[in-house]
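Listed below are the residues making up each chain.
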Amino acid sequence: YVLNKACILTEYGEYTKDVSLLLLAKELHCNLIAENYPLKQFVYNYANNLKALGEFDAAKRMYLISLDLNPNNERAWKNLGSIYFELKLHNKELE
């Protein structure tokens, strides 16, 4: 339930530009981490949440973890490229 709620809050918060929803989603993701919930189950969604909040360095770390767990995740690769753009790491963006 918490995992789904965090994902929905992230998507809706990003769509509506409602930072309070994004912050609530981040809190839920942090609670999952504190409870040792398997990272594989939510790391990609947490990365999206951090990206929507403009926390690009943290989002980059989460996307890299997500890709370690599933190197075939096309959306994670695309979003990581967007993060590299935001961080002005254009050489990485093209890799």
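For the structure itself, look to the data block above.
First things first, this report covers the structure right here in the doc.

**Brief notes about the overall build of the protein**
Thought 1: A count of helices and strands for the protein gives six helices and zero strands.
Thought 2: Scanning the protein from its N terminus toward the C terminus, one meets helices and strands in the order α-α-α-α-α-α.
Thought 3: Computed over C-alpha atoms, the radius of gyration of the protein comes to 13 Å, within 12% of the 12 Å expected from 2.2 N^0.38 for 95 residues, which places it in the range of a compact globule.
Thought 4: Taking the principal axes of the C-alpha coordinates as reference, the protein spans close to 40 × 30 × 20 Å.
Thought 5: Looking at the 95 residues of the protein, the share that counts as buried comes to 36%.
Thought 6: Side chains of the protein carry 11 positive and 12 negative charges; the gap between the two charge centres is 2 Å.

**Let's talk about the packing of aromatic side chains**
When we look at a pair of aromatic rings, we describe it by the centre distance and by the angle of the planes.
Thought 1: Within the structure shown, the criterion is met by two aromatic pairs.
Thought 2: Pairing Y37 with F42 gives two aromatic rings, centres 6.1 Å apart and planes at 50 degrees, and the pair type is tilted.
Thought 3: Assessed through its relative accessible area of 35%, Y37 is described here as partly exposed.
Thought 4: A relative accessible area of 1% means that F42 is categorised as buried.

**Considering the environment of L50**
Thought 1: Mapped onto the secondary structure, L50 falls in helix α3 (residues 43-52).
Thought 2: Look at L50 and you get buried, because its relative accessible area is 2%.
Thought 3: Placed 28 residues apart in sequence, L50 and L22 show a C-alpha to C-alpha distance of 8.4 Å.
Thought 4: Filtering out sequence-adjacent residues up to four positions away, L50 remains in contact with K26, E55, A58, A59 and M62.

**Examining the nonpolar core**
Thought 1: Formed by 17 residues in total, the largest nonpolar core has its most connected members in L50, M62 and Y63.
Thought 2: Of all elements in the fold, only α3, α4 (56-69) and α5 (74-86) reach the threshold of two or more residues within this core.
Thought 3: Setting aside chain neighbours within four positions, we find M62 in contact with V43, Y46, A47 and L50.
Thought 4: Grouped together as the second largest cluster of nonpolar side chains are five residues, A6, L21, A25 and L28 included.

**A few points about α4**
Thought 1: The end-to-end C-alpha separation of α4 is 20 Å, in line with the 20 Å expected for 14 residues at 1.5 Å each.
Thought 2: When α4 is considered as a whole, its buried residues turn out to be A58, A59, M62, Y63, S66 and L67.
Thought 3: In this fold, the buried residues of α4 make contact with α3 and α5.

**Points about the packing of helix α2 (residues 19-34) against α3**
Thought 1: At their nearest, the axes of α2 and α3 sit 10 Å apart, and the two run at 145 degrees to each other. The interaxial crossing formed by α2 with α3 has left-handed handedness. Of α3, the residues touching α2 (which contributes L22, A25, K26, H29, C30 and I33) are N45, Y46, N49, L50 and A52.
Thought 2: By residue class, the composition of the contact of α2 with α3 is seven nonpolar, three polar and one charged.

**A few points about the side chain of N48**
Thought 1: Considering the arrangement of structural elements, one finds N48 in helix α3.
Thought 2: Its relative accessible area of 16% is what places N48 among the buried residues.
Thought 3: Residues contacting N48, with those up to four places away along its chain left out, are T10, Y63 and N79.

Rules used throughout
- Each chain carries its own residue numbering, running from 1 in the written order of its sequence.
- pLDDT decides what is reported in this predicted model: residues at 70 or higher carry local features, side-chain atom pairs at 80 or more are listed and counted, and totals for whole chains, interfaces and linings draw on all residues regardless.
- With hydrogens and water set aside, each side-chain value is computed from the structure's full complement of heavy atoms.
- To qualify as a helix, a DSSP run of H or I must reach at least 4 residues; to qualify as a strand, a run of E must reach at least 2; elements of each kind are numbered from the N terminus.
- Each radius of gyration is computed over the set of C-alpha atoms, and the globule rule expresses the reference value as 2.2 Å times the number of residues to the power 0.38.
- Using a 1.4 Å probe on the protein chains alone, a residue whose accessible area is under 20% of its type maximum counts as buried, one over 50% counts as exposed, and one in between counts as partly exposed.
- Counted as positive: Lys and Arg. Counted as negative: Asp and Glu, with His and the chain ends omitted from the count.
- Think of each charge as sitting on NZ of Lys, CZ of Arg, CG of Asp or CD of Glu.
- Two rings from Phe, Tyr or Trp (for Trp, the six-membered ring) form a pair when their centres sit within 6.5 Å of each other. Planes less than 30 degrees apart are called stacked, planes more than 60 degrees apart edge-to-face, and all others tilted.
- Here, two residues are considered to be in contact whenever any of their heavy atoms come within 4.5 Å of each other.
- As used in this record, nonpolar core signifies buried Ala, Val, Leu, Ile, Met, Phe, Trp, Tyr and Cys residues forming a set joined through side-chain atoms within 4.5 Å.
- In this scheme, a helix's expected span is set at 1.5 Å multiplied by one less than its residue total.
- Every angle, taken between N-to-C directions, lies between 0 and 180 degrees, and every axis is a line fitted to C-alpha atoms, over only the stretch in contact when it is a helix.
- If you view the pair so one helix is near and one far, a crossing is left-handed when the near helix is turned anticlockwise from the far one by less than a right angle, and right-handed when it is turned clockwise.
- Classes in brief: Ala, Val, Leu, Ile, Met, Phe, Trp, Tyr, Cys and Pro nonpolar; Asp, Glu, Lys and Arg charged; the others, Gly included, polar.

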